[in-house]
Amino acid sequence: MLHLEGKTLKVEGPKGKLEMKIPGKGNVDVAVSGNEFKVTRKDDSRDARMEQGLVRALAANMVNGVSKGFTRELDIVGVGYKSELKGQILLLNLGYSHPIEFAIPKGIAIAVEKQTHITVSGADRGLVGETAAIIRRYRSPEPYKGKGIRYTGEHIRRKVGKAAVGTGAGAAKGG
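Summary of the structure given here. (Residues numbered from 1 in each chain as written. Predicted model: local features only at pLDDT ≥ 70, side-chain atom pairs only at ≥ 80, totals over all residues. Heavy atoms only, no water.)

### Things to note about the overall build of the protein
Quick reminder of the rule: By definition, any uninterrupted DSSP run of H or I lasting at least four residues is a helix, any uninterrupted run of E lasting at least two residues is a strand, and each is numbered from the N terminus. A simple rule labels every residue: compare its accessible area, found with a 1.4 Å probe on the protein chains alone, to the largest value its type can have, and call it buried under 20%, exposed over 50%, or partly exposed in between. Only the protein chains shown count as cover for residues, with accessible areas throughout obtained via the Shrake-Rupley method and a probe of 1.4 Å. Neither His nor the chain ends contribute to the count of charged residues, in which Lys and Arg are positive and Asp and Glu negative. Throughout, a charge is located at the NZ atom of Lys, the CZ atom of Arg, the CG atom of Asp or the CD atom of Glu.
Regarding its fold elements, the protein presents three helices and twelve strands. Over its C-alpha atoms, taken along the principal directions, the protein stretches across nearly 75 × 45 × 20 Å. In the protein, buried positions account for 28% of the 175 residues. Entry remark: accessible area of the protein is about 11,200 Å², with carbon and sulfur atoms responsible for 51%. Side-chain charges of the protein comprise 30 positive and 18 negative groups, with the mean position of each set lying 9 Å from the other.

### Comments concerning the sheet that holds strand E3 (residues 16-21)
Condition: When DSSP locates at least two bridges between a pair of strands, those strands are taken to pair. Between N-to-C directions, angles span 0 to 180 degrees; the directions come from axes that are lines fitted to C-alpha atoms, helices contributing only their stretch in contact. Two residues form a contact once any of their heavy atoms are found within 4.5 Å.
The sheet built from three strands is open, its strands ordered E1-E2-E3 with antiparallel pairing. Bordering the open sheet on either side are strand E1 (2-5) and E3, each of which pairs with just one other strand. Across this sheet, the average inter-strand angle for adjacent strands is 15 degrees, counted without regard to direction. As paired strands, strand E2 (residues 8-13) and E3 are joined by six bridges and run antiparallel to one another. Bridging across to E3, glycine 13 finds its partner in glycine 16. Packing against the sheet, helix H1 (residues 46-67) makes contact with E1, E2 and E3, and its axis sits at approximately 170 degrees to E3.

### Some words on the packing of aromatic side chains
Applied cut-off: Here a pair means two rings of Phe, Tyr or Trp (six-membered ring of Trp) with centres within 6.5 Å. Their orientation is stacked below 30 degrees between planes, edge-to-face above 60, and tilted elsewhere. In our convention, an over-ring charge means Lys NZ or Arg CZ found within 6 Å of a ring centre and within 35 degrees of that ring's normal.
Taken as a whole and assessed by the stated rule, the structure comprises one aromatic pair. Positioned above the aromatic ring of tyrosine 151, the side-chain terminus of arginine 72 is 4.2 Å from the ring centre. Above the plane of the ring of tyrosine 96 lies arginine 139, whose end atom (NZ or CZ) is 4.2 Å from the centre.

### Things to note about the sheet that holds strand E10 (residues 108-113)
Read across the open sheet, the four strands follow the order E10-E11-E6-E12; overall the sheet is antiparallel. Across the chains shown, the open sheet's two edge strands, defined by having one partner strand only, are E10 and strand E12 (148-151). Within the sheet, the average angular offset between the axes of one strand and its neighbour, ignoring direction, is 25 degrees. Contacting strand E6 (70-77), E10, strand E11 (117-122) and E12, helix H2 (residues 125-137) crosses the sheet at an angle of about 10 degrees to E6.

### What to know about the side chain of asparagine 27
With respect to the helices, strands and loops of the structure, asparagine 27 is situated in the loop between E3 and strand E4 (28-33). Not counting the four nearest positions on each side in its chain, asparagine 27 is found in contact with Thr40, Arg41, Lys42, Asp47, Ala48 and Glu51.

### Looking at unusual backbone geometry
Although it is not a glycine, lysine 114 adopts a positive phi angle of roughly 55 degrees. Structurally, lysine 114 can be placed in the loop between E10 and E11.

### Digging into the pairing of E12
Here E12 shows two buried faces, one formed by Gly148 and Arg150 and the other by Ile149 and Tyr151. Sheet topology places E6 next to E12; four bridges connect them, and they run antiparallel. By the bridge assignment for E12, isoleucine 76 is matched with isoleucine 149.

So this is what it looks like as structure tokens:
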């Protein structure tokens, strides 16, 4: 269900409600008829084309979000690293001297499968991505052992350690 009130677009669906103020300098016209959303630009300038693409993409993300929803999955890698859910707080044990308590934002659902797999889901694509990025930042994957929080399917470039570098004959004498 799409509604346009002035410069505010409101979208409702089975996964929730979202609203957005139409961004930009006014180079585009927005029209809603039934369940159809149309963005037309006033001229063919570069700014108008960029603004049309931005508004169209944001509106499409809103419609997909309230109908299907968005998800990001995170994996926790490391000995003793784990997570658990207590009400609206995600507890993360990531090798620090204290557990990290992350308050789940409104509009976001977090599921913990096993103790090392976190699923962040919601209707707002930007909020889902930002929440997953904040959780990942608590312990970003490090390049030597690969420990930390990573997105599912993310490849971490591994570096060779210090012991493997200087194995030549002149390394012990200093060159």
